[in-house]
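Examination of the molecular architecture
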Amino acid sequence: MPSLPLTPSQTVGPFFAHALPFPEGPYAVPEDHPGAILLHGHVYDGNGDPVPDALLEICQPGGIFGRCETDKDGRYHFRAARPETYISLLIFARGLLRPLWTRIYLDGDDPFLTSVDADRRATLIARPEPDGSYRFDVRLQGEGETVFLAI
Amino acid sequence: MPQDPHPPYLSPEYKSTVLRAPARPFVAPKLDPEAVELVDPVYGHTPVGELDHDLTRQHPGEPLGERIIVTGRLLDSDGKPVRRALIEVWQANAAGRYAHPGDQHPAPLDPNFTGAGRCLTDDEGRYRFVTIKPGAYPWRNHHNAWRPAHIHFSVFGTQFTQRLITQMYFPGDPLFPYDPIMQSVRDPEARERMVARFDLDTTEPEWALGYQWDIVIRGEA
Ligand SMILES: [Fe+2]
């Protein structure tokens, strides 16, 4: 088979909000999906400032897909299936020339997690909130930087 | 495995990368065939409509600008066409203004142009959009910074790992050497792969100029 050279990645830029988000995007599963969870968090830059122009996509087995843009406070939200292992998360933004991959785990008991430096492992684990939802913040750079995957 | 042509996260000439590029090393997971990253995401949007690929027919009137056809094939690096794949595009209008509330460039909005479209590739991986040629626009990256005319492309493969967002440029644009986003791709040949080719056979007489642009995403794992 020939090996064709790849088309390079470019930033999603700041002006995708009239094109990519759609109203049902954050609701990757219906409300009555057994064990559906609400997931939310913020995206922060290297100064700890919110990133108001990021686009997040999640993927789960069974073709489950969700898409949500961050708001002016850098906040996103999803309704997802309770993962058997993890939720795959992809992040695009102005200033990201290529996407960032990470994983959202609900607990720390996983062989991949144990392969990650102990002091960074917690960045991959969503925190349960009193209302039953989960919070997962993404820190692109600096203090508490999220572990990103080489995919 | 083809060489990675993608730009580095940290490309300081493009200022927004400075606080957004991760600084810590990435971790390489072992992806077994069951890995969630290899799942085929089912795009949950309403079905792609008959006219979603035609950005000139989304309003009662016709948009101003030079009407163009942009077409090509979506292939993976093994040379295999990616069939029934979703491609989304968005762009500025002919004056270089986005229909996005955050765009403050003092160029006119066009009431007949939103600048967003989508389509599914056919069985040969072919896509086709009808639109108008976008204008160049200024941005605040540095003094007198202008983006060369471009169309943003978002592409799905059959696995989540094949996901690609990129930009298509027009041949011969004098702004190329001054654009830190395009120049973030260091290899000149790779940069060239982001530039469409004018094609007289795609051009339709008395109606629209034609451009050909193929997109190559990584092969299936
Ligand atoms: Fe743009």
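For the structure, see preceding data.
First things first, this report covers the structure right here in the doc. All values reported here derive from a predicted model rather than from experimental measurement. Counting of residues starts from 1 at the beginning of each chain's written sequence and follows it residue by residue. Here the convention is simple: chains get letters from A, ligands get numbers from 1, in the order in which they are written. Totals for whole chains, interfaces and linings use every residue, but because this is a predicted model, local features are given only for residues with pLDDT of at least 70 and side-chain atom pairs only at 80 or more, for both listing and counting. Note: side-chain values were computed over all heavy atoms of the structure, leaving out hydrogens and water.

Quick word on the sheet that holds strand S3 (residues 64-69) of chain A
All names here are of chain A. In spatial order, the strands read S3-S2-S5-S6; together these four strands make up an open sheet with antiparallel pairing. Only two strands of the sheet have a single partner each, and these edge strands are S3 and strand S6 (100-104). When the angles between neighbouring strand axes are averaged without regard to direction, this sheet yields 20°. We treat two strands as partners when DSSP finds at least two bridges between them. Strands here are runs of E lasting at least two residues and helices are runs of H or I lasting at least four, both read from the DSSP assignment and numbered beginning at the N terminus. As a rule, the C-alpha atoms of each element are fitted with a line to give its axis, helices using only the stretch in contact, and angles between N-to-C directions run from 0 to 180 degrees.

Some details on the pattern of salt bridges
Salt bridge, as used here, is a side-chain nitrogen of Lys or Arg placed within 4 Å of a carboxyl oxygen of Asp or Glu. Considering all chains together, one arrives at 19 salt bridges over all chains under this definition. For Asp4 of chain B, the salt bridge identified is with Arg98 of chain A, shortest N-O distance 2.9 Å. Here Asp4 of chain B is found in the segment before strand S1 (67-76), whereas its partner Arg98 of chain A is found in the loop between strand S5 (87-93) and S6 on a different chain. Between buried and exposed lies partly exposed: a residue is buried under 20% and exposed over 50% of the maximum accessible area for its type, with that area taken using a 1.4 Å probe on protein chains only. Residue class for Asp4 of chain B comes out partly exposed when judged on its relative accessible area of 44%. Residue Arg135 of chain A is joined to Asp137 of chain A by a salt bridge in which the shortest nitrogen-to-oxygen separation is 3.0 Å. Put simply, Glu57 and Arg67 of chain A together with Glu88 and Arg163 of chain B are held in one network by salt bridges that share partners.

What about the sheet that holds strand S2 (residues 86-90) of chain B?
Residues and elements named next belong to chain B. What the four strands build is an open sheet, ordered S3-S2-S7-S8; its pairing is antiparallel. Each having just a single partner strand, strand S3 (116-120) and strand S8 (164-169) make up the two edges of the open sheet. Across this sheet, the average inter-strand angle for adjacent strands is 25°, counted without regard to direction.

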